Amino acid sequence: MPRFAANLTLLFTELPYLDRFDAAASAGFSAVEILFPYDVPAKDTRRALLRNGLDLILINAPPPNYTGGTPGYGAVPGGEGRFEHDIKRALRYAGELRPTFIHIMAGYTKDEAAEATFVRNLQWAADLAPEQSFTIEPLNPGDQPGYFLDDYALAARILDAVDRPNVGLQYDSYHAEVIHGDALQIWEVYKDRVTHVQIGAAPGRSEPGTGPTNFPALFAAIDASSYAGWVSAEYHSSTARTEDSLHWLK
C-alpha cells in the first residue's frame, strides 16, 4: 500500500485546528498537509508538527485575500505583481513550516493570455526558490467554476512550457474522476509527471469506498509505478468522527 497522509483542512474538522495534528498522529498518520495555514502563526503550526513527529507535505498559495478584492492568482493576466508579492509571503511561511510542496493555484480566468501568464509566473516562482518544490493541480469546474486549470492535458502542456525541475503535477483522484470520468486512466496517462497525490471519492468527495473509482486498483497502480511520495487523504468524512471514516486504510 502507498504511504498515506492526512489533509488537516478537510479531516479532523470536528476538532480545533491545532488538535488535529494530535488526532492525525493518534490515527497512525506520520505526515499531513494543510491547504491554508496562514491564519495561525507559523511557529504554532511548527510546534504541533514537531510535537507529533509529523512531516508537512504541502501548503497552498496564495495566502487568503484579506483585502476583499477579486479572487485571482497565477494565471490571471495583469496580476503578476500581486502574484510575486503573495509567493514571497507564502515562502516566508514555508521557511518556518518546511513543506515539501507549495501548490500554486491558477486562479479564475478564461482570458486568452492566461496560459502564457501562468507559465511566466510559474517560471518566476521556480527560479526565485529553486530549492522549493511546487505543484499545479487541475480542479473540476463544478466545484470551482471559472478556474483556469481544469484539465490534465492543459496541465501537462503548461509543465512542458514551464520546464523547471521543481514544478510538477499534483494528481487528485476526486478531481480526475469528475473532470475526465476515470481516475485510474488519468493516473496511468500522467503518472510520470506526478510529484504529489491526493485522494477522495467522487461524486461527493467522501472517503474511498464509495463512487465509481476502484481504489484498490488505483493503490496497486500507484505501488506499481515509480511514484515514491505520499498519498494524502483529502476528503470530507461521511462520519461525525474522522477516525470512523478510516476503514479504507485497513
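Further up the page is the structure itself.
Source: prediction; values computed, not measured.

## Remarks on the nonpolar core
Counting residues in hydrophobic clusters, the biggest one holds 77 residues, and the most contacted among them are F118, L149, I158 and Y171. Those residues in contact with Y171 that sit more than four places away from it in its chain are Y152, A176, A183, L184, I186, W187, V194, H196, V197, Q198 and L218. A5, L35, F101 and W230 belong to the second largest nonpolar core, which has 8 residues in total.

## Some remarks on the pairing of strand 9 (residues 230–233)
Of the two faces of strand 9, both are covered, the one formed by W230 and S232 as well as the one formed by V231 and A233. In terms of strand pairing, strand 1 (residues 3–7) meets strand 9 through 4 bridges, oriented parallel. Directly across from F4, in strand 9, lies its bridge partner V231. As paired strands, strand 8 (residues 194–199) and strand 9 are joined by 3 bridges and run parallel to one another. Each bridged residue has a counterpart across the sheet, and for V197 the counterpart in strand 9 is V231. Regarding topology, helix 8 (residues 215–224) serves as the crossover connection from strand 8 to the parallel strand 9, and that connection is right-handed.

## A short note on the environment of G107
Relative to the assigned elements, G107 resides in the loop between strand 5 (101–104) and helix 4 (114–128). It is 20 Å that separates the C-alpha atoms of G107 and Q198, two residues lying 91 residues apart in sequence. Ignoring anything within four residues of it in the chain, the contact list for G107 reads G72, Y73, G146, Y147 and F148.

## Notes on helix 5 (residues 152–162)
Along helix 5, the positions that sit buried rather than exposed are Y152, L154, A155, A156, I158, L159 and V162. Looking at the buried positions of helix 5, the neighbouring elements they touch are helix 4, strand 6 (133–136), strand 7 (167–172), helix 6 (173–180) and helix 7 (183–190). Put simply, D151 is the residue that caps the front of helix 5, since its side-chain oxygen is 2.8 Å from the backbone nitrogen of A153. D163 lies just past helix 5 and shows a positive phi near 55°.

## A few points about helix 3 (residues 80–97)
With 18 residues, helix 3 ought to run about 26 Å at 1.5 Å a step, and its terminal C-alpha atoms sit 25 Å apart, in line with that. Of the residues making up helix 3, those classed as buried are F83, E84, D86, I87, R89, A90, L91, Y93, A94 and L97. Residues of helix 3 that are buried in the fold lie against helix 2 (42–52), strand 3 (55–56), strand 4 (58–61), strand 5, helix 4 and strand 6. After helix 3 finishes, the residue R98 shows a positive phi value of roughly 60°.

## Some remarks on the packing of helix 7 against helix 8
It is the contact of helix 7 with helix 8, at a shortest axis distance of 10 Å, that shows an interaxial angle of 10°. Classified by the interaxial angle, the pair formed by helix 7 and helix 8 is roughly parallel. Contacts between helix 7 and helix 8 involve L184, W187 and E188 from the first element and A217, L218, A221 and I222 from the second. Split by residue class, the contact of helix 7 with helix 8 holds 6 nonpolar, no polar and 1 charged.

## Points about the packing of aromatic side chains
All told, the structure shown has 15 aromatic pairs when counted by the stated rule. Arranged with centres 6.2 Å apart and planes meeting at 70°, the rings of F83 and W124 form a pair that is edge-to-face. A residue pair is termed long-range when its members are at least 10 positions apart, and F83 in helix 3 and W124 in helix 4 qualify at 41 residues. For F83, a relative accessible area of 1% gives the class buried. Ring geometry for F118 against F148: centres 6.3 Å apart, planes inclined by 90°, an arrangement best described as edge-to-face. Taken as a pair, F118 in helix 4 and F148 in the loop between strand 6 and helix 5 lie far apart in primary sequence, 30 residues in all. Given the relative accessible area of 0%, F118 is considered buried. Among the residues examined, F148 registers a relative accessible area of 9% and is labelled buried. Grouped by ring-pair contacts, the aromatic residues F4, F215, F219, Y235 and W248 constitute a single cluster. Lying over the aromatic face of W230, R3 brings its terminal NZ or CZ to 4.0 Å of the ring centre.

The rules behind each value
Residues numbered from 1 in each chain as written. Predicted model: local features only at pLDDT ≥ 70, side-chain atom pairs only at ≥ 80, totals over all residues. Heavy atoms only, no water. Core = buried A, V, L, I, M, F, W, Y, C linked by side-chain atoms within 4.5 Å. Buried < 20%, exposed > 50% of the residue type's maximum accessible area, 1.4 Å probe, protein only. Contact = heavy atoms within 4.5 Å. Helix = DSSP H or I, 4+ residues; strand = E, 2+ residues; numbered from the N terminus. Pairing = 2+ DSSP bridges. Right-handed = clockwise from strand over helix to strand, strands pointing away. Polar contact = N/O pair within 3.5 Å; in protein donor to acceptor, adjacent residues only side chain to side chain. Expected span 1.5 Å × (residues − 1). Axes fitted to C-alpha atoms, helices over the stretch in contact; angles between N-to-C directions. Parallel < 35°, antiparallel > 145°, perpendicular 65-115°, else oblique. Nonpolar A, V, L, I, M, F, W, Y, C, P; charged D, E, K, R; others polar. Phe/Tyr/Trp six-rings, centres within 6.5 Å; stacked < 30°, edge-to-face > 60°. Lys NZ or Arg CZ within 6 Å of the ring centre and 35° of its normal.

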